[in-house]
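Given next are the chains, with one letter for each unit.
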Amino acid sequence: MTIYLDHAATSPLTPEVLDAYVSALTVIGNPASIHSQGQNAKRMLEEARERVAASLGADSVEVTLVSGGTEAVNLAIKGLYWARQTPTSRPRVLLAAGEHHATIDAAEWLGRYEGAIIEEIPIDEFGRIDLVALEAALESSSDSIALLSLLWANNEVGTIQPVNEVVALAARYGVPVHADAVSAYGYLPIDFHRSQLAALSVSAHKIGGPTGIGALILARSATVVPLIHGGNQQRGRSGTQDAAGAVAFGVAASHAIDALADGFADRLQILRDRLIAGVRAAVPSAILRGDPHNRLPGNAHFTFPGCEGDSLLFLLDVAGFSVSTGSACQAGVPEASHVLLAMGLNEADARGALRMTLGHTTTAQDVDAFVAALPAAVERATAAGYADRVTSVDL
């Protein structure tokens, strides 16, 4: 039986969500239709939207349902950028270094095709945004800045960003802030209204919901230019809405907020700390990355000197453990994590990354089994060396 330690990639559907999803899929009716079946579907949809809003401290009118976190991030960044170009041109987009590729690629697209000027704010050795550098960027012609975007918590190393401080700083210069909270949602308390953010992105499949649905939370005071036109079914997005997906998302959202209130994050943090201590004892050369304390409760991210992270992942997969490297791999060539490089690691050290993320299915037995299997995997991966100078060792 495989032990799943990759909840940051996707967290398994809970039984309650699955039941609600299957039941909702049998309901006939387009939520935009006027007849009774359509209105029944609309009722289901709007009740689900209210549940998602409640889980995030937002109003239902502020919830635009989308296909997932990537679309939410693209709508926020491109939509806010376009909306901020009139009546004054504001070509600058500020991003924290080490952002998710949904943010990086959306911003780079704006630079390539819309003339945006992308400015990266550095992060420290823990992955935390440099507030001094941010303020300097904001002070430099703030009326030319369209928006600032950052992760609520880093999806690779788990570091929680000082979102409140960032938003307060940006507000002094009249700059709207978007937070990618896809990794934080369900693991940290999020209050959208209290945060004073302009926009917030989340995804259902990170909290035990289905893939294919997420949300952009857009403040009443904010405006986006839509990516998709044709129907105006939602604020900022056209297209027939997925009522069944919304129902499942709503159930997952309610369960996530109830679980947080019931101590889920505290219990997960105990397991995470058990994992971190176990890895350090089993492999003393392993180095914990990210903030050692102010991090996501289920995230444990290490680098292993002399190892290729992909080799470790493969060996652990064969041994029955699902984990992640957190790095990109293009055309079959392993690449160092851009997050770790932004944190100051060299390429060789960054390539030895391994991320374990815990969730609602994780047990202490899972953690202990992983720790027991790790030393043998590290020994074999170290003997194999790096992919571009691999030895004859049989993985």
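Values in this document were obtained by computation on a predicted structure and should not be read as measured data. (Residues numbered from 1 in each chain as written. Predicted model: local features only at pLDDT ≥ 70, side-chain atom pairs only at ≥ 80, totals over all residues. Heavy atoms only, no water.)

Enquirer: So, the nonpolar core: which residues are in play, and what are the values?
Expert: Ranked by internal contacts, the top residues of the largest apolar core, which has 115 residues, are W152, L200, F249, F304 and F370. Per-element tally for this core: the top contributor is helix α8 (residues 243–261), with 10 residues. The residues contacting F304, other than those within four sequence positions of it, are V279, V283, A286, L312, G352, L354, L374 and V378. By size, the runner-up hydrophobic cluster in this structure holds 10 residues, among which are V157, A336, L340 and M343. (Core = buried A, V, L, I, M, F, W, Y, C linked by side-chain atoms within 4.5 Å. Buried < 20%, exposed > 50% of the residue type's maximum accessible area, 1.4 Å probe, protein only. Helix = DSSP H or I, 4+ residues; strand = E, 2+ residues; numbered from the N terminus. Contact = heavy atoms within 4.5 Å.)

Enquirer: Give me the pairing of strand β8 (residues 214–218): which residues, what numbers.
Expert: Of all 5 residues making up β8, 5 are buried, and the element is well covered by its neighbours. Side chains G214, L216 and L218 of β8 all project onto a buried face; the interleaved residues A215 and I217 project onto the opposite face, where all are buried too. Examined bridge by bridge, strand β2 (residues 63–66) and β8 share 4 bridges and lie antiparallel to one another. Bridge pairing in β8 places V66 opposite G214. With 5 bridges joining them, strand β7 (residues 199–203) and β8 adopt antiparallel strand pairing. By the bridge assignment, S201 is partnered in β8 with L216. (Pairing = 2+ DSSP bridges.)

Enquirer: Quick rundown of helix α1 (residues 15–25)? Include the residues and the values.
Expert: Of the residues making up α1, those classed as buried are V17, A20, Y21 and A24. Looking straight down α1, one finds its buried side chains confined to an arc of 100°; they lie on one side. Away from the buried face of α1 by more than 90 degrees, exposed residues P15 and D19 are located. Where α1 is buried, its residues touch α2 (36–55) and α8. (Arc of directions from axis to C-beta.)

Enquirer: Can you break down the sheet that holds strand β9 (residues 287–288) residue by residue, with the values?
Expert: Each strand in a sheet pairs with another by means of backbone hydrogen bonds, the pair being arranged parallel or else antiparallel. In spatial order, the strands read β9-β10-β14; together these 3 strands make up an open sheet with antiparallel pairing. Of all the strands in the sheet, the pair left with one neighbour each is β9 and β14 (353–357). The sheet contact formed by β9 and strand β10 (residues 299–303) spans 2 bridges and is antiparallel. Its bridge partner lying in β10, L288 is registered against F302.

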